[in-house]
Amino acid sequence: MEQINRKFQKKDLRNYYALFVEVSNLQIYSQFYDITISEKIINAIFNDLVNIFGRNSVFFYSADTIVVIQEFENKVIVDKVKRRDEQRRLAQNIINFICNRHYSLGANDQYYQ
């Protein structure tokens, strides 16, 4: 949180939105495969999101949650529906990206989905 506060304290926050990406089923993989596998998977997802959005926009929030902060395309609020659609579109793109990505569980034929 401190890192997010520092980066955005002088910004007009009305022009930004945050998406919380929670990968909630990681404990299952830790129980059945390896205790460290959940950390490896969340780090791999984090690194992929950093490669897409940049280091200044992606942050760890908790052990299984990543925050992606983006600036709205339009700074002037003309239509709140357009802003919600922009958020929804980015959220769906992130979901699709993570779902279509194969995060290895160590063995060549086992992947996190």
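Residues numbered from 1 in each chain as written. Predicted model: local features only at pLDDT ≥ 70, side-chain atom pairs only at ≥ 80, totals over all residues. Heavy atoms only, no water.

Points about the packing of helix 3 (residues 37-53) against helix 4 (residues 80-100)
Working note: a packed helix pair is described by the angle between its axes plus the distance between those axes.
Here is step 1: As a packed pair, helix 3 and helix 4 sit with axes 11 Å apart at the nearest point and diverge in direction by 130 degrees. The angle between helix 3 and helix 4 falls in the class oblique. Of the two possible hands of crossing, helix 3 and helix 4 adopt the one that is right-handed. Taken together, the residues of helix 4 that come into contact with helix 3 (itself represented by Ile45, Asp48, Leu49, Ile52 and Phe53) are Leu90, Ile94, Phe97 and Ile98. (Axes fitted to C-alpha atoms, helices over the stretch in contact; angles between N-to-C directions. Helix = DSSP H or I, 4+ residues; strand = E, 2+ residues; numbered from the N terminus. Parallel < 35°, antiparallel > 145°, perpendicular 65-115°, else oblique. Left-handed = near helix turned anticlockwise from the far one by under 90°. Contact = heavy atoms within 4.5 Å.)

Considerations on the nonpolar core
Here is step 1: By size, the foremost hydrophobic cluster in this structure holds 21 residues, and its most contacted members are Ile45, Leu49, Phe53, Val58, Ile66, Val68 and Ile94.
Here is step 2: Of all elements in the fold, only strand 1 (16-22), helix 3, strand 3 (65-71) and helix 4 reach the threshold of two or more residues within this core.
Here is step 3: In terms of residues, this core owes the most to one element, helix 3, which gives eight residues.
Here is step 4: When sequence neighbours within four positions are dropped, the list of residues in contact with Ile94 reads Leu19, Val21, Leu49, Phe53 and Val68. (Core = buried A, V, L, I, M, F, W, Y, C linked by side-chain atoms within 4.5 Å. Buried < 20%, exposed > 50% of the residue type's maximum accessible area, 1.4 Å probe, protein only.)

Brief notes about the pairing of strand 3
Consecutive residues of a regular strand have side chains that alternate between opposite faces of the sheet.
Here is step 1: Within strand 3, six of the seven residues are buried, which leaves it mostly tucked inside the rest of the structure.
Here is step 2: With seven bridges connecting them, strand 1 and strand 3 associate as antiparallel partners. Within strand 3, the position partnered with Phe20 by the bridge is Val67.
Here is step 3: For strand 2 (residues 58-62) and strand 3, the ladder comprises four bridges, and the chain directions are antiparallel. Pairing of Val58 across the sheet is with Val68, part of strand 3.
Here is step 4: Two successive antiparallel strands, strand 2 and strand 3, enclose a turn made up of two residues. (Pairing = 2+ DSSP bridges.)

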